[in-house]
Amino acid sequence: MPPAAQPPRSSRRTREAVGDVLAHGAVEIGFQAVVDLVSQQPVGFEALARGPKGTELEAPGALFAAARDAGRLDELDWLCQREALRAALRAGVRAPSVLFVNVEADASGFLPLDLRALYARATAQMVVAVEVTERALTHRPAALLGRVADMRALGCTIALDDVGTAPDSLAMMAVLAPDVVKLDLAELAGRPERELAEVVDAVAAHAERAGTTVLVERIETEEEARLAATIGARLAQGWLFGPREPLVTAPAPPAERTVHASRQADPRDVTPFQLVAEGREVRRASRELLVGLSRHLEEQARAVGRGAVLVGGFEDDAHFDADARERYARLAEELAFCGAVGTGMAPEPAPGVHGGRLHASDPLAREWTVALVSAHACAALSAHDPGTGEYEYVLTHDRALAAAATAALMARIPS
């Protein structure tokens, strides 16, 4: 047998460099101020990590790319979170000051016990906002929704980063129900007015309905600060308010709290019918009527297009027949996200469709559901068969319920 091929020297050197960073905890945490545009006073900080100074891994993008290639992304993600929380605790950051902590979108979402304990200490002392991106929700729905639920259980608030950079992110706002929405002014500034108006309108509508705080980042001039206030931001960060730098002693906390935690059910523990039937009239209908209503919601999603999320619960994959596969494959080409769950469901039951396999004991396996959510449209139809010949069902256009039903379905879709 010929000798095994040796990995490229550069790859081996990179893996060794990542190993050194992890072994010695060699990440440097800097803090950039977050400012209240109303009071013009700092209300918190974003913790930003870098690799060893003067090395090829100093830039965060290079550092995380190298860890990903080395198969050690989770370890680096945990290290950066630990160092950010410890530095903020040492500096004496206190509520209602906010500490924004980034979590890597591609990481598994698992939290070691020591890191969970550290989050518990931090949330007892300050407001901790964990930043996630919609990219992880479209790629690994169950992992991100589980992580968000876990972080909320630890007392954290949730910030959705990079909103508006893609149509998908506007649709995902309702599903994730973030407490803070972050807009990148530098990215949005180059958009045509029509696209910018769409983002501003969607974010403003979500903030008004849910009480979400809007933060605009990468602000460098007074004119940009005024623009941020004009488009509805309460908070801002960028070089205008200070660079990224070490935090030795935190300033006095602000007079009022600007980021508030919302109460959300863990989507892994509920089903759409449980959500929409609570406190609402449950009606009875034939299967034919429910089929018509389901198709109507699919057409609503198609009319919205790239800004819509649609997920169907089919009980068993046998109900996801050839006709359903064809319809959902067409929807997957047009929507931000299209999914289907059921017992025996394949990971991709139709081209482009995200599949979730349900365990037979999951109560959701006995429900028939179609849930739709976008920046402005929302609906959820959920039904079950009590064995009487007719289905019991609820149809709701309540946005919070439709979004929660969608999240409950997506929490069963691994990737």
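Here, the structure is the one placed above.
Residues numbered from 1 in each chain as written. Predicted model: local features only at pLDDT ≥ 70, side-chain atom pairs only at ≥ 80, totals over all residues. Heavy atoms only, no water.

## Description of the sheet that holds strand β5 (residues 157–161)
And step 1. The eight strands lie next to each other as β1-β2-β3-β4-β5-β6-β7-β8, forming a closed barrel whose pairing is mixed.
And step 2. Examined bridge by bridge, strand β2 (residues 42–50) and strand β3 (residues 98–102) share four bridges and lie parallel to one another. Its bridge partner being in β3, Phe-45 is matched across the sheet by Leu-99.
And step 3. Contacting β1 (28–36), β2, β3 and β4 (127–133), helix α3 (residues 73–91) crosses the sheet at an angle of about 165° to β3. (Pairing = 2+ DSSP bridges. Helix = DSSP H or I, 4+ residues; strand = E, 2+ residues; numbered from the N terminus. Contact = heavy atoms within 4.5 Å. Axes fitted to C-alpha atoms, helices over the stretch in contact; angles between N-to-C directions.)

## A few points about the packing of aromatic side chains
And step 1. Under the criterion given, the structure shown has six aromatic pairs.
And step 2. Measuring from centroid to centroid gives 6.0 Å for Trp-78 and Phe-110, while their planes differ by 65°, and the two rings are edge-to-face. Placement of Trp-78 in helix α3 and of Phe-110 in the loop between β3 and α4 (113–125) is noted, with a sequence separation of 32 residues between them.
And step 3. The class for Trp-78 is buried, based on a relative accessible area of 17%.
And step 4. Considering the side-chain rings of Phe-314 and Phe-320, the 4.9 Å spacing of their centres and the 75° angle between planes classify their relative orientation as edge-to-face. (Phe/Tyr/Trp six-rings, centres within 6.5 Å; stacked < 30°, edge-to-face > 60°. Buried < 20%, exposed > 50% of the residue type's maximum accessible area, 1.4 Å probe, protein only.)

## Here's the deal with the sheet that holds strand β12 (residues 354–357)
And step 1. Read across the open sheet, the seven strands follow the order β9-β15-β14-β13-β10-β11-β12; overall the sheet is mixed. With partners counted over all chains shown, the strands left at the sheet margins are β9 (283–285) and β12, one partner each. Between one strand axis and the next, the sheet turns through 20° on average, direction left out of account.
And step 2. Of the pairings in the sheet, the one linking β9 to strand β15 (residues 391–396) comprises three bridges and is antiparallel in character. Paired with Arg-284 across the bridge in β15 is Glu-392.

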